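Structure assessment
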Amino acid sequence: MRRNGWLNVLWGALLAAALLEACVAPADGEMPTPPATPPDGLERPTSDATPSPSPPPEEEPGEVIVGAADVESVEILIMESFPVQVTAVVRGNLRDGCTRIGAIDQEVLAAERRIAVRIGTVRPADAFCTQALVPYEERVPLEVRGLPAGEYTVDVNGLTAMFTLEVDNAPPAGGAG
């Protein structure tokens with residue numbers, strides 16, 4: 001039994017020596033030369049090859065679908081300043097993972113005391129997208145400078161909210177502003 005134990009140790013030592021020899025560079029300091037041709041599908045690296053990031057794929061302008069954002073709520077924030085600044089905080093859901101907020105336009109109809117805001121959406125026409133609602137929040141500064149005091153309606157894609165200007169929102173005549 002003792003003899004077989006030493007025999008196993010001897011075999012283990014020979015195996016370890018063989019493995020170490022395979023990992024060590026030749027004694028004269030020269031490195032072995034790489035194969036003459038790389039395997040199929042692989043390019044031969046150059047000596048100064050350093051990894052560099054690949055350029056981002058160029059997005060080709062394709063067809064897009066333009067729509068209107070679904071609006072679930074409109075909250076009006078009135079900043080205590082003069083002239084008064086008013087912001088509409090609009091919340092809703094985009095219909096899929098590819099749809100993004102597009103152009104945001106507004107029209108002030110002072111005679112009707114109404115501000116119409118349109119929040120558009122864009123989406124690539126040929127994209128395959130997740131079919132899950134994506135919540136959004138947009139803060140839209142409203143163009144209220146110069147409006148007279150009164151109650152105003154803000155219409156964002158068909159959903160309305162109201163706010164009141166307590167005083168005319170214009171700097172006094174001859175004042176800075």
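Structure: above.
As the structure is a prediction and not an experimental result, all values here were calculated from the model. (Residues numbered from 1 in each chain as written. Predicted model: local features only at pLDDT ≥ 70, side-chain atom pairs only at ≥ 80, totals over all residues. Heavy atoms only, no water.)

Bringing the environment of G67 into the picture now. Residue placement: G67 occurs in strand β1 (residues 64-68). When sequence neighbours within four positions are dropped, the list of residues in contact with G67 reads R118, I119, G120 and T121. (Helix = DSSP H or I, 4+ residues; strand = E, 2+ residues; numbered from the N terminus. Contact = heavy atoms within 4.5 Å.)

Membership of the largest hydrophobic core comes to 23 residues, with the highest contact counts inside it found for I76, V90, V117, L142, V156 and F163. Sequence-distant contacts of V156, defined by excluding residues within four places in its chain, comprise V71, V74, V90, V117 and I119. (Core = buried A, V, L, I, M, F, W, Y, C linked by side-chain atoms within 4.5 Å. Buried < 20%, exposed > 50% of the residue type's maximum accessible area, 1.4 Å probe, protein only.)

Here we come to the state of the cysteines. Applying the stated criterion across every chain yields a total of 1 disulfide. Disulfide pairing is shown between C98 and C129; the S-S distance is 2.0 Å. One disulfide, between C98 and C129, carries an S-S torsion of -110 degrees and so falls in the left-handed class. Remark: C129 occurs in the loop between β5 (114-124) and β6 (134-142) and C98 occurs in the loop between β3 (85-94) and β4 (100-109); sequence separation between them is 31 residues. (Disulfide = S-S within 2.5 Å.)

A few words now on the pairing of β3. Of all 10 residues making up β3, 8 are buried, and the element is well covered by its neighbours. The sheet contact formed by strand β2 (residues 70-79) and β3 spans 9 bridges and is antiparallel. The partner of I76 across the bridge, within β3, is A88. In this structure, β3 lies alongside β6, joined through 9 bridges in antiparallel fashion. What sits directly across from G92, in β6, is Y136. (Pairing = 2+ DSSP bridges.)

The next subject is the pattern of salt bridges. Any two side chains of opposite charge can pair, given that their charged atoms come close. Scanning the model with the defined rule gives 6 salt bridges in all. Between R123 and D96 there is a salt bridge, with the nearest N and O atoms lying 2.8 Å from each other. In this pair, R123 sits in strand β5 while D96 sits in the loop between β3 and β4, placing the two residues 27 residues apart along the sequence. Given a relative accessible area of 15%, R123 falls into the buried group. A salt bridge links R114 to D155, with the shortest nitrogen-to-oxygen separation between them at 3.0 Å. Placement of the pair is R114 in strand β5 and D155 in strand β7 (residues 150-156), with a sequence separation of 41 residues. Residue classification places D155 among the buried positions, given a relative accessible area of 15%. Within this structure, E75, R91, E137 and R139 form a network of salt bridges that share partners. (Salt bridge = Lys/Arg side-chain N within 4 Å of Asp/Glu carboxyl O.)

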